[in-house]
Amino acid sequence: MKLLTWNIWDIPTARAREQRLPRIAAALGRFAADPDGPDVVLLQEVWSARRRPLLRPLYPHVAEAEAYWRNPMNWIAGPVEWARGRYLTIDSGLMTLSKHPVREVRRYRYRAGRSPAKRSALAALIESPDLGPVWVVNTHLCAAYPSTTNTPTRAAHLKELGEFVATLQGAPLIVGGDFNVAPPSTGPLPAWSHDPSLWPGGVAAALPGFAEAPEAADHLTFTATHNPWADPREGDNKLDYIFAGPGLAASDGRVAMTDRHPLGWGRPKPLSDHFGVMATVHPV
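Throughout this document, residue positions are counted from 1 along each chain, in the order its sequence is written. Thresholds applied to this predicted model are a pLDDT of at least 70 for local features of residues and 80 or more for the giving and counting of side-chain atom pairs; totals over whole chains, interfaces and linings are not thresholded and use all residues. To obtain the side-chain values, all non-hydrogen atoms of the structure were included, while hydrogens and water were left out.

A. Broad picture of the overall build of the protein. Of the regular secondary structure elements, the protein holds 4 helices and 13 strands. For the radius of gyration, the atom set is restricted to C-alpha positions; the globular benchmark scales as 2.2 Å times the number of residues to the power 0.38. Compactness check: the protein gives a C-alpha radius of gyration of 18 Å against a globular reference of 19 Å for 284 residues, within 12% of the reference. Dimensions of the protein along its principal axes, counting C-alpha atoms only, are 50 × 40 × 35 Å. Whether a residue is buried, partly exposed or exposed follows from its accessible area with a 1.4 Å probe, protein chains only, as a fraction of its type maximum: under 20%, in between, or over 50%, in that order. Within the protein, the fraction of its 284 residues that count as buried is 56%. Across the protein, every contact between residues at least 6 apart in sequence was considered, and the portion connecting residues at least 24 apart equals 73%. As displayed, the protein has an accessible area near 11,800 Å², and 59% of this comes from carbon and sulfur atoms. Both charge centroids of the protein, one from 30 positive and one from 27 negative side chains, sit 7 Å from each other. Each helix is a run of H or I in the DSSP string that is no shorter than four residues. Each strand is a run of E no shorter than two, and both are numbered from the N terminus. Here, residues are in contact when the closest pair of their heavy atoms is within 4.5 Å. The method behind every accessible area is Shrake-Rupley, applied with a 1.4 Å probe, and residues are considered shielded solely by the protein chains displayed. In this tally, Lys and Arg are treated as positive and Asp and Glu as negative; His is ignored, and so are the chain termini. A single reference atom marks each charge: NZ on Lys, CZ on Arg, CG on Asp, CD on Glu.

B. Inspection of the environment of R107 at higher detail. Among the structural elements, R107 can be located in strand β5 (residues 102–109). Of the residues examined, R107 reaches a relative accessible area of 16% and is grouped as buried. In sequence terms R107 and A124 are 17 residues apart; their C-alpha atoms lie 8.8 Å from each other. Setting aside residues no more than four positions away along its own chain, R107 makes contact with A65, E66, A67, D91, S92, K118, S120, A121 and L122. Side-chain atoms alone can form a polar contact between residues adjacent in sequence; in general such a contact is a pair of N or O atoms within 3.5 Å, and within protein one must be able to donate a hydrogen while the other accepts it. A polar atom in the side chain of R107 sits 2.5 Å from the side chain of D91. In terms of polar contacts, R107 uses its side chain to reach the side chain of S120, at 3.1 Å.

C. Focus on helix α1 (residues 17–33). Multiplying 1.5 Å by the residue count of a helix minus one yields the expected span of that helix. The first and last C-alpha atoms of α1 sit 25 Å apart over 17 residues, in line with the 24 Å expected at 1.5 Å per residue. Along α1, the residues that are buried comprise R17, R20, L21, I24, A25, A27, L28 and F31. The buried residues of α1 occupy an angular sector of 165° when the element is viewed end-on, so they sit on one face. Turned more than 90 degrees from where α1 packs its buried face, R30 and A33 sit exposed. The inward-facing, buried residues of α1 abut β1 (2–10), β2 (40–46), β4 (95–98) and β13 (276–283). Read the arc as the range of directions from the helix axis to the C-beta atoms.

D. Geometry of the side chain of D39. Topologically, D39 is positioned in the loop between α1 and β2. By convention in these notes, a salt bridge is any Lys or Arg side-chain nitrogen within 4 Å of a carboxyl oxygen on Asp or Glu. Of the side chains with opposite charge, K99 lies nearest to the buried D39, which makes no salt bridge, at 4.9 Å. From its side chain, D39 meets the backbone nitrogen of K2 in a polar contact 2.8 Å long. Once residues lying within four places of it in the same chain are set aside, the contact partners of D39 are M1, K2, Y59, L97, S98, K99 and H100.

E. Quick peek at unusual backbone geometry. Cis geometry marks the peptide bond from W199 to P200, where omega comes out at 0°. With respect to the helices and strands, the residue P200 is situated in the loop between β8 (173–178) and α4 (201–206). Look at D252: it is not a glycine, yet its phi comes out positive at around 55°. Looking at the element boundaries, D252 is found in strand β12 (residues 248–256). Judged by its relative accessible area of 39%, D252 is partly exposed. Unlike most non-glycine residues, M257 shows phi in positive territory, near 60°. Checked against the element boundaries, M257 lands in the loop between β12 and β13.

As structure tokens, then:
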């Protein structure tokens, strides 16, 4: 089974947002129509309730579990923004697209932290012709910033992710998404998101027996050196992963969604501040 994880940076303050989303939808639509395209797409930062309908029809099956009105901020800001035609509603931002039937969907909201974005893990039980039933978990953890690393919250989110994954029984597991945890930088700029307590220790403790494709080990997915949208203060990081669980293995890991488009001013740019990650998961 082929997978893609991609943070599409569809936040209210993102640059060239109105230009990028139709191109993102077109790119994903081409994947859906391609027999060799990814079977499952894990998307992060699909924030707006009003913009999600552009992405839902692209694949025949969708897993999502947004609950916008459980977020107190949306009770205040949401109606005003909707009346103005803007898109401020915020919840988990997670959406999983699948070529194969989705049998069950579960969502876990991380308890740690106080971000308006309700950081979560979204689990979909997918009936794969290659793997049979398989749990595919899409997640987006707390971020690190130059002003604060948020290491305690990121550590707590990793622990909660591991506890949630442990409740998913009866099928093998794949976990992917934007972990906001980086290994030591392989580029010329420092990795702000790297912390030796989180990588590999925190990730390995949360997901024992899980491994990414060996080819993906040195790939950069949030890199100011190679992506003009990326914040240069955060350096050259690898934040996005696809991990195959026990009984499975990942191969053919590679960076994806690096094509450049005429967006805004200046030279053509990628469709997001993150590059995507693709991998193929198969039985051991």
